[in-house]
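What follows is each chain in one-letter form.
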Amino acid sequence: MSDAEENPLEETEEYGEIEMEEGEDEDEEEKYPNDEGLENMQQELKEDNTLAWRGSQEEGEEEGEEGEEEEEEGEGEKRVGEQEEEEEREGEEEGEEFGKEEEAVREEVEEEVAGAQEETTVKPQEITKSMISLERLTPTDSQSVLSGTLPKTYSGRESKHSLQSELLETLELSRSMVSQLEFLDLDLTTSAEQQLSSPEKQPSGDLAERTDQRPQDELGQERRDLEPERGDLEPEKREGRKEKRVLYVNEKKEKEFQPKARIPKVSLVSTATEDILFQKDDSANVYPLTMTWSFGWNSSLPVYYIQDENQRVLLYASAHTAVIYNVFKNNQHHLQGHPNVISCLCISEDRRWVATADKGPDCLIIIWDCFSGIPVHTIFDSCPEGDGIRAMAITRDAKYLATISDTEIQKVCIWRWTLAVETPACTLNLPKEYGFQSYLTFNPTNNKELVSNSKTQAIYYMWYEEGDILVHSAPLLTEKTFNKLVGKFSQSIFHLNLTQILSATLEGKLVVWDIYRPPPSASTSSGFPHITPCKLVHLQKEGITVLTTVDSYIVTGDIQGNIKFYDHSLSIVNWYSHFKLSSIRSLSFSKTPATPPIENTNYPPDCTLKGDLFIVRNFIIGTSDASVYHLTADGTKLEKLFVEPKDAICAISCHPYQPLIAIGSFCGMIKVWDYEQKKYLFSRIFEKGLGVQSLTYNPEGALLGAGFTEGTVYILDAMSLESEIPEPFKYSRTSVTHVSFSHDSQYMATADVSFTVAVYVVRVKNGRRVWEYLARLRSHRKSIRSVLFGVHLDSNEPRLLSLGRDRLLIEYNLLKSYKDHLEVLDIHRTDQGNYPTCMVWYPPLTKEQFLLICNSGYKVKLFNSTTKMCRKTLLGPVYGSPIEQIQILPVKTPLELQKRYMVFVNRDKVGLQILPVDGNPHKTSALICHPSGVAGMDVSYDGRYAFTAGGQDRTVVQWEINLRSWKTIFTILSSVVKVLIQWRLERCRNTSACRSFLLS
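Residues numbered from 1 in each chain as written. Predicted model: local features only at pLDDT ≥ 70, side-chain atom pairs only at ≥ 80, totals over all residues. Heavy atoms only, no water.

Peer 1: Where do I start with the overall build of the protein chain in this structure?
Peer 2: Scanning the protein chain from terminus to terminus reveals 16 helices and 55 strands. Burial status across the protein chain gives 53% buried among its 1000 residues. Within the protein chain, contacts between residues at least 6 apart in sequence are counted, and of these 53% link residues at least 24 apart. As displayed, the protein chain offers around 46,700 Å² of accessible surface, 50% of which is attributable to carbon and sulfur atoms. (Helix = DSSP H or I, 4+ residues; strand = E, 2+ residues; numbered from the N terminus. Buried < 20%, exposed > 50% of the residue type's maximum accessible area, 1.4 Å probe, protein only. Contact = heavy atoms within 4.5 Å. Areas by Shrake-Rupley, 256 points an atom, 1.4 Å probe, with all protein chains shown as cover.)

The structure is reproduced here in structure tokens:
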């Protein structure tokens, strides 16, 4: 690649100005008697060095080439002499000012030549290397900037020096940013910095090889690309002065800009080991928002056992992220890259390669390296319809990947992902009559055979790799086939004998299919491979939800939480039924074989007549109630690893002065975590039918207000989650969506789906503080978006406001409210066409107190808190959907009072914005947090973390806020923009119209 290609932003006109300086008047050569000696000395050194490189056999060829170069140089001098006469005539017309500038340029050229001669006299060996490299290399503008010498022009030298200093300052900022980005293992070196190396560090042999391998035609093309576009010079006149331009301009720079040999980096994937993933230092975050922890997991997908030796490592899906969790170290590594919720995942037999796929627009299939956490291959157009992947499987040796799409006409594809191709090796469209195939697996001993099933149909596939043809067999199975009820299929696998297929049903039965495989020498007339139903085995009473194999056993998990092991003849060997688990969703066995029995082992006996020891690998159990267990076969030890909410999560709240977060779910569970230590503390599960819809700590952090889906309101102790009131408040018939406390914890307000605001107050009775119901009012006609407490400016009394989708901002008079009567102070309309989405108190960045209100038109409005008059309307963050919730980051020190930030969420993203709001779209940053929708958001008391709840994806994500990196990014961007504007103004210094346009 040429230097011009490496630096696409460089301008070749400045090289034209350099060429004018050094070739303006060829008579100047008589004024510099040292030039000729310098050229002769360089030619001699070059000849000696060439002899040292190529030997005596190439001596004649090299001298011939030098002679040709001298002839070309002579012809160039003649052409330049003709140009000198034209330039002398032009110089007389340009005036005395141009002549003064020309004299200044001549003096600078004389100093450069003198310096070059001095360097040649002192260090001839370096000049020899210089001439060899300068035959092949041409410097760029970026090199001039980095070396501290800008290309010289006839005017504007002062602005050039200021541009130089600013560019160097920007470079220092960029280098500091690059140092922060080094942990990402990215190649962030610029094209100019790649050439910053000293001659001592550059192997001469490598340099010689590089320069000799560059063809002369390519070199000539590079030089033509770098020539100025001037109308007064014809192309043939410019060609004769190429070598002289290289000599004068580049001789002093070549020591600083020797080409640096690219040292190939060793692949991080090939050198990764099992224990390297959690040894990485992820503390140096360079993004404004970084995912640090994911609470909860998608229990409808399997959990996989990755490691079981010195450290216990699991893999599971959490919303659009795959999580690798180290149980012993309590660490998580996140595999991020999917734009939609992950719909399926699978893992290779050696636990090295993981494949994940999502379902939705712009769906992806990503193959990850579990050892390093690096995505090794991404398939972008796996489902052009945009519906995503429903089922996926990977071969035992991880060479091939099979997928089934989630479209109406399902498509089965096999991918040769190791070849990094973007198209499948073969595809097959399935008829609608087969039902939606939801499970897929390969034959563990034959990569060309697969089996899948829907609830009503099992399909066998054979892949003919020679012609990339996928044939299938799907015999119809009805109750008349065996004269018995078969039931709905759950999963299908290949039998241990490899001649049959087993399909489990929710009736506790197994359908056995015989596989017919024609011999390879048989003709097509003998038929294609197919399966036929052989028999129906009533294996157990409970419905089978999981069917798999390990070693010499066939393993089932059922809806009653039982795990049973069968031999190849489907005779039971052992079972685990005393753990009282919920329905089994997944079973994953360790890749480490079971240890043989010794004196200290305590394996249980099996249930056969022989009573042999039941030796099996350790395994992970995933259940339908979002619980994950580890079972150690030696001693039959069951450990509960974690229990997460099994229903939607909409309620989260951070403690006001401790690193605690409370998470509430529709399943009636409230869990409290220490989010700094990533440690679960305590929880409470309410009776069935009570789903937690909203949670809020009071300002003192002693109480936790909870609103439930059926209208109940609880006030709980923050540390024990025990009720602080004898009976919960039941004044609403619909879900309580908002809970808010006043600044002095004397009032609590709630809002429900019925557009009603309710207020509760603290009374002192018998020396005790007791919460009582005050009043409620149906004050809005549409859903309430915010319920907000504040403080009156002239007193310390609390004030209450509510904002509804009916575009009404209502303030209530708490002092004049009494039992069953909530007084309204005033009502104001906030919008005409758009509806408001959220409201928050604007930080005191000005003398005036404001309410910040966002609406559905991507606007933010500032309202005077007293008069409710709209004082300013600005453009808010635009990331595909309007803002739904906002929070102002708290400050840690008084010095940060004027540097405030705002956290916001919209439909599926979380972001940051720099305050004050001014409509600048570059003051915001956002990324996808929950593709299926954000249901809640809160900020830690110290402003270090933001938390988002995903609703139906059953997860809460913790985001680390790094304001320092954001400041660095904006500093660099603003510096670069400033330098580019000044540079462009210098380029257009004689055009007033262009100058005024850029300044505007």
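Back to the text.
Peer 1: How should the sheet that holds strand β37 (residues 736-741) be read in this particular structure?
Peer 2: Strand pairing in a sheet relies on backbone hydrogen bonds, with the paired strands running either antiparallel or parallel. Judged by pairing direction, the sheet is antiparallel, and its four strands sit side by side in the order β37-β38-β39-β40 without closing on themselves. Only two strands of the sheet have a single partner each, and these edge strands are β37 and β40 (768-777). For this sheet the average axis-to-axis angle between neighbouring strands, irrespective of direction, equals 25°. Two strands pair when backbone bridges link them, and β37 and strand β38 (residues 747-752) are joined in this way by five bridges, in the antiparallel orientation. The residue bridging Val 736 from the neighbouring strand is Asp 752, located in β38. (Pairing = 2+ DSSP bridges. Axes fitted to C-alpha atoms, helices over the stretch in contact; angles between N-to-C directions.)

Peer 1: Whenever I open this one, the environment of Met 839 confuses me. Can you help?
Peer 2: With respect to the element layout, Met 839 can be found in strand β45 (residues 836-841). Sequence spacing of Met 839 and Leu 852 is 13 residues, and the spatial spacing of their C-alpha atoms is 5.7 Å. Excluding residues within four positions of it along the chain, Met 839 makes contact with Ser 786, Leu 788, Leu 801, Ser 802, Leu 803, Leu 809, Leu 851, Leu 852, Ile 853 and Ile 886.

Peer 1: I keep staring at the sheet that holds strand β6 (residues 342-347) and nothing clicks. Help me out?
Peer 2: With respect to topology, four strands assemble into an open sheet ordered β6-β7-β8-β9, the strand pairing being antiparallel. The sheet terminates laterally at β6 and β9 (374-379), the two strands that pair on one side only. Pairwise comparison of adjacent strand axes, ignoring direction, gives a mean angle of 20° for this sheet. Taken together, the five bridges between strand β7 (residues 353-358) and strand β8 (residues 365-369) define a ladder with antiparallel strand orientation. Each bridged residue has a counterpart across the sheet, and for Ala 355 the counterpart in β8 is Ile 367.

Peer 1: Help me understand the packing of aromatic side chains, please; the structure alone is not making it clear to me.
Peer 2: For the structure shown, the criterion picks out 32 aromatic pairs. For the pair Phe 295 and Trp 673, a centre-to-centre distance of 5.0 Å together with 65° between the ring planes defines the contact as edge-to-face. Placement of Phe 295 in strand β1 (residues 289-295) and of Trp 673 in strand β32 (residues 669-674) is noted, with a sequence separation of 378 residues between them. Of the two residues, Phe 295 and Trp 673, neither departs from the other in class, the shared state being buried. Relative to Phe 614, the ring of Tyr 553 lies with its centre 5.4 Å away and its plane at 50°, an arrangement referred to as tilted. You can see Tyr 553 sitting in strand β23 (residues 553-558) and its partner Phe 614 sitting in the loop between β26 (584-589) and β27 (619-623), a full 61 residues away along the chain. Neither residue differs from the other here; Tyr 553 and Phe 614 are each classed as buried. An aromatic cluster is defined as three or more aromatic residues linked by ring pairs; in this entry it consists of Tyr 553, Phe 565, Tyr 576, Phe 579, Phe 589, Phe 614 and Phe 619. A cation over a ring is seen here: Arg 352 above Trp 353, with NZ or CZ 4.9 Å from the ring centre. Sitting over the ring of Tyr 835, Arg 805 keeps its end group 3.9 Å from the ring centre. (Phe/Tyr/Trp six-rings, centres within 6.5 Å; stacked < 30°, edge-to-face > 60°. Lys NZ or Arg CZ within 6 Å of the ring centre and 35° of its normal.)

Peer 1: Help me understand the pattern of salt bridges in this model?
Peer 2: Within this structure, the stated rule accounts for 26 salt bridges. We note a salt bridge from Glu 274 to Lys 591, for which the minimum N-O separation is 2.3 Å. Here Lys 591 lies in the loop between β26 and β27 and Glu 274 lies in the loop between α13 (242-250) and β1, a separation of 317 residues in the sequence. Overall, the relative accessible area of 27% leaves Glu 274 in the partly exposed class. The salt bridge partner of Asp 406 is Lys 359, with a shortest N-O separation of 3.6 Å. Linking Asp 406 in the loop between β11 (401-405) and β12 (411-415) with Lys 359 in the loop between β7 and β8, this pair joins segments that are 47 residues apart in sequence. Using a relative accessible area of 17% as the deciding quantity, one classes Asp 406 as buried. By relative accessible area, which is 39% here, Lys 359 ends up partly exposed. Here the residues in one salt-bridge network are Arg 416, Lys 448, Glu 465 and Asp 468, joined through shared partners. (Salt bridge = Lys/Arg side-chain N within 4 Å of Asp/Glu carboxyl O.)

Peer 1: Would you mind going over the environment of Asp 406 with me for this structure?
Peer 2: It is 9.5 Å that separates the C-alpha atoms of Asp 406 and Gly 360, two residues lying 46 residues apart in sequence. The residues contacting Asp 406, other than those within four sequence positions of it, are Lys 359, Asp 387, Gly 388, Ile 389 and Arg 390. Side chain to side chain, Asp 406 and Arg 390 meet in a polar contact 2.7 Å long. (Polar contact = N/O pair within 3.5 Å; in protein donor to acceptor, adjacent residues only side chain to side chain.)

Peer 1: Where do I start with the nonpolar core in this structure?
Peer 2: Core analysis: the biggest nonpolar cluster contains 38 residues, and Leu 315, Ile 324, Ile 365, Met 392 and Leu 401 have the highest contact counts within it. Among the elements of the structure, β2 (304-308), β3 (312-318), β4 (321-326), β6, β7, β8, β10 (389-394) and β12 are those that each provide at least two residues to this core. Sort the elements by how many residues they give to this core and β6 lands first, with five residues. If we skip the residues at most four places from it in the chain, Leu 401 touches Cys 346, Ala 355, Ile 365, Ile 367, Met 392, Ala 393, Ile 394, Cys 413, Ile 414, Trp 415, Trp 417 and Phe 442. Phe 295, Val 323, Ile 649 and Ile 661 belong to the second-largest nonpolar core, a separate cluster that totals 26 residues. (Core = buried A, V, L, I, M, F, W, Y, C linked by side-chain atoms within 4.5 Å.)

Peer 1: What is the right way to read a positive patch on the surface from this model?
Peer 2: A cluster of like positive charges, contributed by Arg 781, Lys 782, Arg 805 and Arg 829, occupies part of the molecular surface. You can see Arg 781 is positioned in the loop between β40 and β41 (784-791). Residue Arg 781 is classed as exposed on the basis of its relative accessible area of 58%. (Patch = residues over 30% accessible without salt bridge, like charges linked within 9 Å, V, L, I, M, F, W, Y side chains within 5 Å. Lys, Arg positive; Asp, Glu negative; His and termini not counted. Charge placed at Lys NZ, Arg CZ, Asp CG, Glu CD.)

Peer 1: Whenever I open this one, the confidence of the model for the protein chain confuses me. Can you help?
Peer 2: If pLDDT is low for a region, its predicted coordinates should not be looked at in detail. Considering every residue of the protein chain, the mean pLDDT works out to 78; 70% of them sit at 70 or more. Overall, residues 1-42 carries pLDDT values under 50, and its contacts beyond four positions in sequence, including any with other chains, amount to 101 contacts. Note that pLDDT drops below 50 for residues 115-171; the model gives that stretch 130 contacts with residues more than four away or on any other chain. (pLDDT = per-residue confidence, 0-100.)

Peer 1: Teacher, can you tell me more about the pairing of strand β29 (residues 637-643) here?
Peer 2: On a regular strand, each side chain points to the face opposite its neighbour's, so the side chains alternate between the two faces of the sheet. Across six bridges, the pairing between strand β28 (residues 627-632) and β29 is antiparallel. If you follow Ser 627 over to β29, its bridge partner there is Val 643. Two successive antiparallel strands, β28 and β29, enclose a turn made up of four residues, where Gly 635 displays a positive phi of approximately 95°.

Peer 1: How should the pairing of strand β30 (residues 649-654) be read in this particular structure?
Peer 2: Burial of β30 is extensive: six of the six residues sit out of reach of the surface. The pairing of β30 with strand β31 (residues 660-665) spans five bridges and is antiparallel. Bridged to Ile 649 within β31 is Ser 665. What sits between the antiparallel neighbours β30 and β31 is a turn of five residues.

Peer 1: Would you take a moment to explain the side chain of Ser 492 for this structure?
Peer 2: Positionally, Ser 492 belongs in strand β18 (residues 489-494). Of note is the side chain of Ser 492, whose polar atom sits 2.8 Å from the side chain of Ser 503. With near-sequence residues (within four places) excluded, Ser 492 lies in contact with Tyr 439, Thr 441, Val 451, Asn 453, Leu 502 and Ser 503.

Peer 1: What am I meant to see in the side chain of Asn 698 here?
Peer 2: Within the secondary structure, Asn 698 sits in the loop between β34 (692-697) and β35 (703-708). Within polar-contact distance, the side chain of Asn 698 engages the backbone nitrogen of Ala 702 at 3.0 Å. A distance of 3.4 Å separates the side chain of Asn 698 from the side chain of Ser 745, its partner in a polar contact. Discounting chain neighbours no more than four positions away, the residues touching Asn 698 are Pro 656, Leu 703, Phe 741 and Ser 745.

Peer 1: Is there a simple way to explain the environment of Arg 351 in this structure?
Peer 2: Tracing the backbone through its elements, the reader meets Arg 351 in the loop between β6 and β7. Taking the C-alpha atoms as reference points, Arg 351 and Cys 370, 19 residues apart in sequence, are found 7.3 Å from one another. Apart from the residues within four sequence positions on either side, Arg 351 is in contact with Tyr 305, Ile 306, Cys 370, Phe 371, Ser 588, Phe 589, Ser 590 and Lys 591.

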